[in-house]
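Letter by letter, the chains look like this.
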Amino acid sequence: MRVALIGPSQSGKSSLFAAVAAAGGSNVDLSRPDQPHLAVVKVPDGRLDVLAKMYNPKKYTPAEIEFVDLPGFDLADEAGRKRAKDHWPAMRNADMLVLVLRAFDNPSVAAYRDRIDPKNDLDELLSEFLFADLEQVSTRVEKLEAAIKRPSPKRDEQVRELELMSRLKDALENEKPIAQAVKNDAEAKLLKSFAFLTEKPALVVMNYGEGELDAASAVATLGALPAMGLSARIEEEIAQLPAEDRGAFLADLGITSSARDRLIQACYRQMNLVSFLTVGEDEVRAWTIVAGTDAVTAAAEIHSDIARGFIRAETVRFDDLHALGDMKAVKAAGKTRLEGKTYIVQDGDIINFRFAV
């Protein structure tokens with residue numbers, strides 16, 4: 001899963017990225033602010049720590065999430081819009097967008113558009129996303145209109161797509177969600193390859209000053225989007241501390257968990273992700289899937305052969321294993337289940353897939 005961090009210049013976006021990367025064990029070079037930066041961060045999961053102590057495995061493998069820090073946008077003029085447009089493809093390739101907005105006032109750091117106004121900054125970004133999608137749809141409509149004038153074995157297919165794209169264009173021109181123009185699953189599947197920005201899961205991060213942590217902790221939404229507040233500067237400083245010292249520093253500030261942990265948890269919620277677990281002496285591992293995934297599809301995350309030869313999923317709830325202490329006690333208590341292909345995997349399920357190929 002890839003999350004793109006975007007926002008206006010001087011929003012503190014790169015400070016947040018540096019904090020998340022450092023706390024997640026990644027070293028990043030931010031010396032080129034005009035270039036995207038990538039960090040692969042391990043997803044914190046206390047359940048894996050418990051299981052590692054139980055099994056003492058040869059290998060310990062948390063789930064991972066990629067964060068890409070895109071250059072700050074300055075949309076005040078046409079040149080800035082053109083530079084921002086260069087990064088639309090990277091945003092389309094992301095599974096989710098995190099919009100970092102400045103909420104701190106610091107006279108020594110020039111404010112974007114000479115204002116401290118997160119709501120207006122958000123509205124401006126969302127408008128740019130809408131224009132980008134409208135341009136993409138309009139270009140597709142023009143190509144399809146030209147194509148259907150020529151004889152082609154795909155003409156009926158092109159006519160259907162043109163009708164869909166025309167509906168999308170009308171929706172975007174009237175600032176309505178694309179989803180309202182989609183009639184069925186077949187149309188939704190067709191649109192996936194376009195990766196429209198207005199359809200991406202999104203989260204707002206409001207970056208406050210060091211003395212505004214109370215205000216930051218109260219943030220829950222901005223506009224129609226879910227939001228969280230933090231101080232990127234403080235989080236970056238904490239991430240530079242030895243791991244054993246971070247907890248005490250956070251406690252002194254009244255912060256319950258690091259920005260990395262809270263941001264990843266929020267991203268999982270927005271992308272509707274859950275994790276199932278596999279255990280053994282060789283490896284303890286977390287696997288990320290979309291909530292609502294069935295057992296055979298989850299098996300394919302491990303290996304296509306397991307899905308192809310799927311027989312049953314031997315399933316145990318993590319809470320039961322944690323409470324009872326070991327798998328022998330879990331089985332004695334009748335807490336194991338044999339599930340079929342259509343079983344919907346739950347967050348925290350420990351699964352041993354039975355298969356034959």
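Residues numbered from 1 in each chain as written. Predicted model: local features only at pLDDT ≥ 70, side-chain atom pairs only at ≥ 80, totals over all residues. Heavy atoms only, no water.

## Re the nonpolar core
Step number 1: Counting 39 residues, the largest nonpolar core has Leu16, Ile65, Phe67 and Leu263 as its most contacted members.
Step number 2: Leaving out residues up to four positions away in the same chain, Phe67 has contacts with Val3, Leu5, Phe17, Val20, His37, Leu38, Ala39, Val41, Leu263, Ile264 and Cys267.
Step number 3: The next biggest cluster of nonpolar side chains, apart from the first, holds 29 residues, and it includes Tyr112, Phe129, Ala132 and Met206. (Core = buried A, V, L, I, M, F, W, Y, C linked by side-chain atoms within 4.5 Å. Buried < 20%, exposed > 50% of the residue type's maximum accessible area, 1.4 Å probe, protein only. Contact = heavy atoms within 4.5 Å.)

## Digging into the environment of Val345
Step number 1: On the secondary structure map, Val345 appears in the loop between strand S12 (337–339) and strand S13 (349–355).
Step number 2: Overall, the relative accessible area of 3% leaves Val345 in the buried class.
Step number 3: Among residues more than four places away in sequence, those in contact with Val345 are Phe276, Ile289, Thr293, Asp294, Ala295, Ala298 and Ile351. (Helix = DSSP H or I, 4+ residues; strand = E, 2+ residues; numbered from the N terminus.)

## What about the packing of helix H5 (residues 118–147) against helix H6 (residues 155–173)?
Step number 1: Packing of H5 against H6 brings their axes to within 9 Å, and their N-to-C directions diverge by 150 degrees. As judged from the angle between their axes, H5 and H6 are roughly antiparallel. Between H5 and H6 the crossing geometry is left-handed. Contacts between H5 and H6 involve Leu130, Asp133, Leu134, Val137, Ser138, Arg140, Val141, Leu144, Glu145 and Ala147 from the former and Gln158, Glu161, Leu162, Met165, Ser166, Leu168, Lys169, Leu172 and Glu173 from the latter.
Step number 2: Its residues assigned to classes, the contact of H5 with H6 shows ten nonpolar, three polar and six charged. (Axes fitted to C-alpha atoms, helices over the stretch in contact; angles between N-to-C directions. Parallel < 35°, antiparallel > 145°, perpendicular 65-115°, else oblique. Left-handed = near helix turned anticlockwise from the far one by under 90°. Nonpolar A, V, L, I, M, F, W, Y, C, P; charged D, E, K, R; others polar.)

## Regarding unusual backbone geometry
Step number 1: We note that Gln10 has phi near 65 degrees; this positive angle belongs to a residue other than glycine.
Step number 2: The residue Gln10 is located in the loop between strand S1 (2–6) and helix H1 (13–23) in this model.
Step number 3: A relative accessible area of 44% means that Gln10 is categorised as partly exposed.
Step number 4: Within the chain, Asp114 stands out as a residue other than glycine whose phi angle is a positive 60 degrees.
Step number 5: As for its position among the elements, Asp114 is in the loop between strand S5 (96–102) and H5.
Step number 6: Accessibility expressed as a relative area gives 76% for Asp114, which makes it exposed.

## As for the sheet that holds strand S4 (residues 64–69)
Step number 1: An order of S2-S4-S1-S5-S6-S8-S7 is seen for the seven strands of this open sheet, with the pairing classed as mixed. Each end of this open sheet is capped by a strand with a single partner; those strands are strand S2 (37–42) and strand S7 (221–222).
Step number 2: One ladder, built from six bridges, connects S5 with strand S6 (residues 202–207); its direction is parallel. Each residue of the ladder has a partner; that of Leu97, found in S6, is Ala202. (Pairing = 2+ DSSP bridges.)

## A word on the environment of Phe249
Step number 1: Along the chain, the position of Phe249 falls in helix H10 (residues 243–253).
Step number 2: Its relative accessible area of 35% is what places Phe249 among the partly exposed residues.
Step number 3: A sequence separation of eleven residues divides Phe249 from Ile238, and the C-alpha atoms of the two residues are 7.3 Å apart.
Step number 4: Once residues within four sequence positions are removed from consideration, Phe249 is found in contact with Ile238 and Leu241.

## Thoughts on the pattern of salt bridges
Step number 1: Summed over all chains, the structure comprises 26 salt bridges.
Step number 2: A salt bridge links Arg262 to Glu235, with the nearest nitrogen and oxygen atoms 2.7 Å apart. With Arg262 in helix H11 (residues 259–271) and Glu235 in helix H9 (residues 232–239), the pair connects residues that are 27 residues apart, well separated along the chain. Across this residue pair, the class does not change: Arg262 and Glu235 are buried.
Step number 3: In this structure, the salt-bridge partner of Asp261 is Arg260, at a minimum N-O distance of 2.9 Å. (Salt bridge = Lys/Arg side-chain N within 4 Å of Asp/Glu carboxyl O.)

## Side note on the side chain of Thr315
Step number 1: Mapping Thr315 onto the fold places it in strand S11 (residues 310–317).
Step number 2: When near neighbours in sequence (up to four residues on either side) are disregarded, Thr315 contacts Lys335, Thr336, Arg337, Glu339, Tyr343, Asp349, Ile350 and Ile351.

## Here we look at helix H12 (residues 295–302)
Step number 1: Among all positions of H12, only Ala295, Val296, Ala298 and Ala299 are buried. Along the axis of H12, the buried positions cluster into a sector of 155 degrees, meaning they face one direction only.
Step number 2: In this structure, the buried residues of H12 make contact with strand S9 (273–278), strand S10 (283–290), helix H13 (304–308), S11 and S13. (Arc of directions from axis to C-beta.)

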